Amino acid sequence: MKLTIGRDEFADIVAWIARSLPQKASVPVLAGIKLTFDGDTLTAEGFDYEVSTQVAVAIGGGGDPGSVLASGRLLAEIAKALPAKPVELTTVGALLELVCGSARFTLPTMPVEDYPTLPDMPEGVGTIDAAVFAQAVAQTAIAASRDDTLPLMTGVRIEIDGTKLSMLATDRYRLAVREIEWQPADPDISTQILVPAKTLTEVAKTLAVGSDPITLALSAASAGEGMVGFEAAGRRMTSRLLDGANYPPVRSLFPKEVAASAVVPADELVQVVKRVALVAERTTPVLLTFTPGSDTLLVEAGGTEEARASESMQISHYKAGDQITIGFNPDYLVGGLSSMGGGHALIEMLDAFKPAVISPAVTSGQADDGERDEQDTYPHRYLIMPIRVSR
C-alpha cells in the first residue's frame, strides 16, 4: 500500500477511530486501526466486537492499493504531532512507514487477516437533526449509571412513536427524559431500544459536529440481541444494543401533583451550588431553602462544624404554602440544572422527601395550580431524588 493524504485529514480520521478503541483490548488486533486504500479512497476502521467505527475519505492522487493494521492510539498520537505537510504512508514488508516533511516513522504492523470483519450497517429508519440529537443526548446521558454491574442502567432508552423520539436514562437516583421530533422513513414506526450511554455520547460528539443530519439505523432485535447504527458525513458507527426487556416503567416516577414550585436562574444557581459544595463531604447534600413570600433562595452545605458554607440568591418566583428545605447530591443537582440550556429553570416539589422535577421554565407562572394535565408535554424533564436531612 502506498498513498499520500493531507495531514489534517489523516489526523482527523485516525483520532476519531482511536477514540472508540478499547483501553485494554482482549486481543492485540482490536487495539489497531485498519487502513484500506483502493486507489481513490482511504477507509479507516475500528472494532471491539461491541462498537464499530468506519470512515471513508476520497483522496485520489494515485498510489498502490492495499491494507494495513497498526496500533490505533500510536497512529493518532503521531498524526496529531506531525507538521502541516502531506503525509505519505507506505507498507514495507511487515512495517508501515509514515513520512511527513522531514519526519519519518517506522511502525510495526499486525496481520490484517486476523482482524474481524465489521458488521454490516443496519437498515436506516429515519434521520435526526444533528444539533437537536446532540443536545438530547447531552441532556439524558448524564443520568445513566456508570456502574457496569448494572448494564440495564448504563443505557439510554430510545422510544420511537411515529415522528416523536424520546430518550430516557436513569441511575435510580435521577431520571432524565427528552422528547424531540425526527423524520422516520415509516411514519407508523413504533419501537424501543436500549443503547449504551457511552456510545450515544461518542456519536453526539463526533457525528453531530456538522450540518448533515444523522441517519439512525436498526436491525431486528431478538432475545436481547440487536444492532443500532448511526451515519453522517461519510462516518458510521454501529453498536450492540443492551437488553432492555426489563427496563423499569420510569415515566411513572414523575409526580402527578405539585405542592411547591420555584423559577430560578439556572446558570447562577449552578455556580452557587458549586461554591457552597466546596465544603461538603462526599455524601453531604446541599440544602435549598425556599420561603413563601420571599424572592430569596438560601443554599447551604457543611461537612463538619468547622467547615460550613451558605449563600443567598434572588429567584424569580416561588409558590407554596410552607417553607421547604430540601437536600440534593450537589453533582446531580448541577448536572440537571446545566442540562436546561441556560435561562431559567422550573423546580417542582411535593415535599422535602419526594422527588423534585427540574425543567426549562417557559414563564414564571408555570405550575400555579399545583396540578399537571395528562396532555401536558415536557420536552425535557430531569427528576432528582432528595437526600433526607434533619434540621
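Residues numbered from 1 in each chain as written. Predicted model: local features only at pLDDT ≥ 70, side-chain atom pairs only at ≥ 80, totals over all residues. Heavy atoms only, no water.

- With an unreviewed UniProt entry as reference, the protein chain is termed Beta sliding clamp, source organism Micromonospora sonchi.
- The record held by UniProt for the protein chain lists under Subunit (unreviewed entry) the comment "Forms a ring-shaped head-to-tail homodimer around DNA." (UniProt positions renumbered as here; feature names shortened; annotations may be inferred.)

**Observations concerning the overall build of the protein chain**
Working step 1: When its secondary structure is counted, the protein chain shows six helices and 26 strands.
Working step 2: Across its three principal directions, the C-alpha atoms of the protein chain cover 80 × 55 × 35 Å.
Working step 3: Looking at the 391 residues of the protein chain, the share that counts as buried comes to 49%.
Working step 4: Put simply, 69% of the contacts in the protein chain that link residues at least 6 apart link residues at least 24 apart.
Working step 5: With an accessible surface of roughly 18400 Å², the protein chain has 49% of that area assigned to carbon and sulfur atoms. (Helix = DSSP H or I, 4+ residues; strand = E, 2+ residues; numbered from the N terminus. Buried < 20%, exposed > 50% of the residue type's maximum accessible area, 1.4 Å probe, protein only. Contact = heavy atoms within 4.5 Å. Areas by Shrake-Rupley, 256 points an atom, 1.4 Å probe, with all protein chains shown as cover.)

**Remarks on the nonpolar core**
Working step 1: In terms of nonpolar packing, the biggest core is built from 102 residues, with Phe10, Phe133 and Phe290 touching the most fellow members.
Working step 2: Looking at this core, the element that brings in the most residues is helix 1 (residues 7-19), giving seven residues.
Working step 3: Sequence-distant contacts of Phe10, defined by excluding residues within four places in its chain, comprise Ile5, Leu35, Leu75, Ala79, Val87, Leu89 and Leu98.
Working step 4: Counting residues in hydrophobic clusters, the runner-up holds nine residues, among them Leu194, Tyr247, Val250 and Phe254. (Core = buried A, V, L, I, M, F, W, Y, C linked by side-chain atoms within 4.5 Å.)

**Things to note about the packing of helix 1 against helix 2 (residues 72-81)**
Working step 1: Two elements in contact, helix 1 and helix 2, have axes separated by 8 Å at closest approach and are oriented at 150°. Put simply, helix 1 runs roughly antiparallel to helix 2. The chirality of how helix 1 crosses helix 2 is left-handed. For the pair helix 1 and helix 2, contact is made by Arg7, Phe10, Ala11, Val14, Ala15 and Ala18 and by Gly72, Arg73, Leu75, Ala76, Ala79, Lys80 and Ala81, respectively. (Axes fitted to C-alpha atoms, helices over the stretch in contact; angles between N-to-C directions. Parallel < 35°, antiparallel > 145°, perpendicular 65-115°, else oblique. Left-handed = near helix turned anticlockwise from the far one by under 90°.)

**Side note on the side chain of Asp171**
Working step 1: Along the polypeptide, Asp171 turns up in the loop between strand 11 (164-170) and strand 12 (174-181).
Working step 2: One polar contact links the side chain of Asp171 to the main-chain amide nitrogen of Arg174, over a distance of 3.1 Å.
Working step 3: Dropping the residues within four chain positions of it, Asp171 is found in contact with Ala143, Ala144, Ser145 and Tyr332. (Polar contact = N/O pair within 3.5 Å; in protein donor to acceptor, adjacent residues only side chain to side chain.)

**What to know about the packing of helix 3 (residues 130-141) against helix 4 (residues 197-206)**
Working step 1: Look at helix 3 against helix 4: their axes get within 9 Å of each other, and the N-to-C directions meet at 145°. Remark: the crossing between helix 3 and helix 4 carries left-handed chirality. Taking contact as the criterion, the partners of Phe133, Ala134, Val137 and Ala141 in helix 3 are, on helix 4, Ala197, Leu200, Thr201, Val203 and Ala204.
Working step 2: For the contact of helix 3 with helix 4, a count of residues per class yields eight nonpolar, one polar and no charged. (Nonpolar A, V, L, I, M, F, W, Y, C, P; charged D, E, K, R; others polar.)

**Examining the sheet that holds strand 6 (residues 87-92)**
Working step 1: The strand order across the open sheet built from four strands is 1-6-7-8, with neighbouring strands paired in antiparallel fashion. Each of the sheet's edge strands pairs with one partner strand only, and the pair in question is strand 1 (2-5) and strand 8 (103-108). Neighbour-to-neighbour, the strand axes of this sheet turn through a mean angle of 15°, independent of strand direction.
Working step 2: Contacts from helix 1 reach strand 1, strand 6 and strand 7 (95-100) within the one sheet, and its direction differs from that of strand 1 by about 105°.
Working step 3: Along the sheet, helix 2 contacts strand 7 and strand 8; its crossing angle with strand 8, the most-contacted strand, is approximately 180°. (Pairing = 2+ DSSP bridges.)

**Digging into the pairing of strand 25 (residues 356-360)**
Working step 1: Buried residues dominate strand 25, accounting for four of its five residues.
Working step 2: Relative to strand 25, strand 24 (residues 344-349) runs antiparallel, the two sharing four bridges. Counterpart to Ala345 in the pairing with strand 25 is Pro360.
Working step 3: Hairpin connection between strand 24 and strand 25: a loop of six residues separates the two successive antiparallel strands.
Working step 4: Here strand 25 runs beside strand 26 (residues 380-384); their pairing, made up of three bridges, is antiparallel. Paired with Ile358 across the two strands is Tyr382, which belongs to strand 26.

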